[in-house]
Amino acid sequence: VANAVSSSQINLSWNAEAVDPRAAGYNVYQYGERIGSTAGTSYTVKRLAANTQYCYSVLAFDKAGNTSFQSEMVCATTKTDQNSEPENKPTPELR
């Protein structure tokens, strides 16, 4: 599951049974590129652009280094940045 919690952060979580119940850890991928790993069943991705879709998958590995198949990709869109000004905001006239 991918859950956008802010304009720059997405929290990922998955069910170990669905990926590989014998896993020692998981590699996390963003659009097929490895961005990190974790021993648990959740991962936080930070420093993302606002209002942008990101897609992720995980791959389980065991203590011997064997890996599972990569999971199906899940996607989430970061929230709109509330601190940024709208692009179509009128420009004040100079006097």
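Check the entry above for the structure.
> Kindly report on the sheet that holds strand β5 (residues 42-45), identifying the contributing residues and their values.
With antiparallel pairing, three strands are arranged side by side in an open sheet as β1-β2-β5. The open sheet terminates on both sides in strands that have one partner only, identified here as β1 (2-4) and β5. Going from strand to strand, the sheet's axes swing by 20° on average, the running direction of each strand aside. Relative to β5, strand β2 (residues 10-13) runs antiparallel, the two being bridged by four bridges.

> Please provide a residue-by-residue account of the sheet that holds strand β3 (residues 25-30), values included.
The strand order β4-β3-β6-β7 describes an open sheet built from four strands, whose pairing is antiparallel. The sheet is open, and its two borders are formed by β4 (33-38) and β7 (74-77), each paired with just one other strand. Each adjacent strand pair in this sheet contributes to an overall mean axis angle of 30°, direction not counted. Bridging between β3 and strand β6 (residues 53-61) involves six bridges; their strand directions are antiparallel. Each bridged residue has a counterpart across the sheet, and for Q30 the counterpart in β6 is Y56.

> Can you tell me about the layout of surface pockets, naming the residues and giving the values?
Empty space within the largest pocket amounts to approximately 190 Å³. Those elements that provide at least two residues to the lining of the largest pocket are β2, α1 (16-19) and β6. Sort the elements by how many residues they give to the lining of the largest pocket and β6 lands first, with three residues. The residue inventory of the lining of the largest pocket, partitioned by class, reads eight nonpolar, four polar and one charged.

> I'd like a rundown of the nonpolar core, residues and numbers included.
Core analysis: the biggest nonpolar cluster contains 15 residues, and I10, L12, W14 and Y56 have the highest contact counts within it. Breaking this core down by element, the ones donating at least two residues are β1, β2, β3, β5 and β6. Counting residues per element, this core draws most heavily on β6, at four residues. Beyond its immediate stretch of four places on either side in the chain, I10 contacts A2, N3, A4, Y43, T44, V45, L48, Y54, Y56, A76 and T78.

> Explain unusual backbone geometry residue by residue, including any values.
One non-glycine residue, R47, lies in the positive phi region at around 60°. Here R47 lies in the loop between β5 and β6. Its identity as a non-glycine residue notwithstanding, N51 has a phi of 55°, on the positive side. You can see N51 is positioned in the loop between β5 and β6. Assessed through its relative accessible area of 52%, N51 is described here as exposed.

Rules and cut-offs
Residues numbered from 1 in each chain as written. Predicted model: local features only at pLDDT ≥ 70, side-chain atom pairs only at ≥ 80, totals over all residues. Heavy atoms only, no water. Pairing = 2+ DSSP bridges. Helix = DSSP H or I, 4+ residues; strand = E, 2+ residues; numbered from the N terminus. Axes fitted to C-alpha atoms, helices over the stretch in contact; angles between N-to-C directions. 1 Å grid on protein atoms, 1.4 Å probe; cavity = no way out; pocket = protein on both sides within 12 Å on 5 of 7 lines; lining within 4 Å. Points joined across faces, edges and corners; volume = space filled by probe spheres on them. Nonpolar A, V, L, I, M, F, W, Y, C, P; charged D, E, K, R; others polar. Core = buried A, V, L, I, M, F, W, Y, C linked by side-chain atoms within 4.5 Å. Buried < 20%, exposed > 50% of the residue type's maximum accessible area, 1.4 Å probe, protein only. Contact = heavy atoms within 4.5 Å.

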